Amino acid sequence: VQGDQQHTHQEQGGFRAALFLMGVLLIALHRPAWSGLPSAAPAAADTPGQRALVAADPVWLALIHHSHGRFLLAESGLLIGRAESPREELDASLQALASDASFRCRYPAREAYLRARFALDEARPAAACPELDEYRRRAPADRIKLVFVAENLEQPSSIMGHLFLMVAGVGADGQPREHAISFFTDPIGLNFPLYLYQGMVAGMPGYFSLTPYRDHVAAYVQREQRTLWEYELQLSTEQRERLWLH
């Protein structure tokens, strides 16, 4: 992982981040018995019945971050109107997939999921996705682990520990690579009651980061003397690919 750079994306933190991770884990740990759609089901014709089945699939609900009748990620509303239900979100996504060549660059996990469940027209040339291609080259995921770091009582943001994902595999250059996918809040000020409210209810600014895993080991284990636990996820190829792309 020599020379890898840190990449961050600003999001809302706290409880929303916990819900995000729950959604990711639902995608990763999905079993065919949970859904009316088998994990390896052949692509079906695009019919109202098939759309209704897919719209109710727990995997689809996790991919669109649907919780309690609302979307935690509303970016898709920028594509075609404002979706108000999982079915409307599905309709908008299929329309965008057919008309917007960049859809797969913005939502690669959603695009792969839809192509596996609908017999879609493949005549349209695929868009070039340089950032996605770079991600594939530099952060392979032949294995995915859930990593828990023990608490650090000296830092309020770490008194309950820290949870993140680790992806590992062989890069395009033949070298083994390991990366951490983490979320960090960005607390401002020393108002502890406000900090608790923002962290548990309102949310606070934060970042998703993709960084070399060895940096986390050095920081948590060597410098801070914290215990680090790794749990490898037993996933099918489709589940691992879906989680990694999402």
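Residues numbered from 1 in each chain as written. Predicted model: local features only at pLDDT ≥ 70, side-chain atom pairs only at ≥ 80, totals over all residues. Heavy atoms only, no water.

Engineer: Quick question: what am I supposed to make of helix α2 (residues 48-55) here?
Structural biologist: An α-helical turn contains 3.6 residues, so a residue and the one three or four places further along point in the same direction. Among the residues of α2, those classed as buried are Q50, R51, V54 and A55. End-on, the buried residues of α2 take up no more than an arc of 130°, which puts them together on one face. Buried residues along α2 sit in contact with α3 (58-63), α4 (86-99) and α6 (108-117). (Buried < 20%, exposed > 50% of the residue type's maximum accessible area, 1.4 Å probe, protein only. Helix = DSSP H or I, 4+ residues; strand = E, 2+ residues; numbered from the N terminus. Arc of directions from axis to C-beta. Contact = heavy atoms within 4.5 Å.)

Engineer: Sorry, what's going on with the packing of α6 against helix α10 (residues 237-245) here?
Structural biologist: When two helices pack together, you describe them by how their axes are tilted relative to each other and by the distance separating the axes. Where α6 contacts α10, the axes come no closer than 7 Å and their chain directions differ by 145°. Every residue of α10 that contacts α6 at P108, A109, A112, Y113 and R117 is listed here: E238, R242 and L245. (Axes fitted to C-alpha atoms, helices over the stretch in contact; angles between N-to-C directions.)

Engineer: Sorry if this is basic, but what is going on with unusual backbone geometry here?
Structural biologist: We note that H65 has phi near 55°; this positive angle belongs to a residue other than glycine. Relative to the assigned elements, H65 resides in the loop between α3 and β2 (66-67).

Engineer: Which parts of the structure should I look at to understand the pattern of salt bridges?
Structural biologist: Two side chains carrying opposite charge are able to pair once their charged atoms lie near each other. Counted according to the given criterion, the structure contains 12 salt bridges. Among the ionic pairs, R117 bridges to E238, the shortest N-O distance being 3.4 Å. On the criterion of sequence distance, the pair formed by R117 in helix α6 and E238 in helix α10 is long-range, its members being 121 residues apart. The partly exposed category is assigned to E238, whose relative accessible area is 24%. Three or more residues joined by partner-sharing salt bridges are found here, namely D46, R51, R87 and D91. (Salt bridge = Lys/Arg side-chain N within 4 Å of Asp/Glu carboxyl O.)

Engineer: Mind showing me how you'd approach the packing of α2 against α4 here?
Structural biologist: Where α2 contacts α4, the axes come no closer than 9 Å and their chain directions differ by 115°. α2 and α4 meet at a crossing whose hand is right-handed. Contacts from P48, R51, A52, V54 and A55 of α2 reach α4 at P86, R87, L90, D91 and L94. Of the residues assigned to the contact of α2 with α4, the class counts are seven nonpolar, no polar and three charged. (Left-handed = near helix turned anticlockwise from the far one by under 90°. Nonpolar A, V, L, I, M, F, W, Y, C, P; charged D, E, K, R; others polar.)

Engineer: Looking at this structure, I do not really get the environment of A112. What am I missing?
Structural biologist: Its location among the elements puts A112 in helix α6. Assessed through its relative accessible area of 35%, A112 is described here as partly exposed. Through-space distance from the C-alpha of A112 to that of R242 is 7.7 Å; in sequence the pair is 130 residues apart.

Engineer: What exactly am I supposed to notice about the environment of D46 here?
Structural biologist: Positionally, D46 belongs in the loop between α1 (15-28) and α2. On the accessibility criterion, D46 (37% relative accessible area) is partly exposed. Taking the C-alpha atoms as reference points, D46 and R117, separated by 71 residues in sequence, lie 8.8 Å from one another. Apart from residues no more than four positions distant in its own chain, D46 is found in contact with R51, L94 and F118. At 2.7 Å, the side chain of D46 forms a polar contact with the side chain of R51. (Polar contact = N/O pair within 3.5 Å; in protein donor to acceptor, adjacent residues only side chain to side chain.)

The analysis is restricted to geometry; functional conclusions fall outside its scope.
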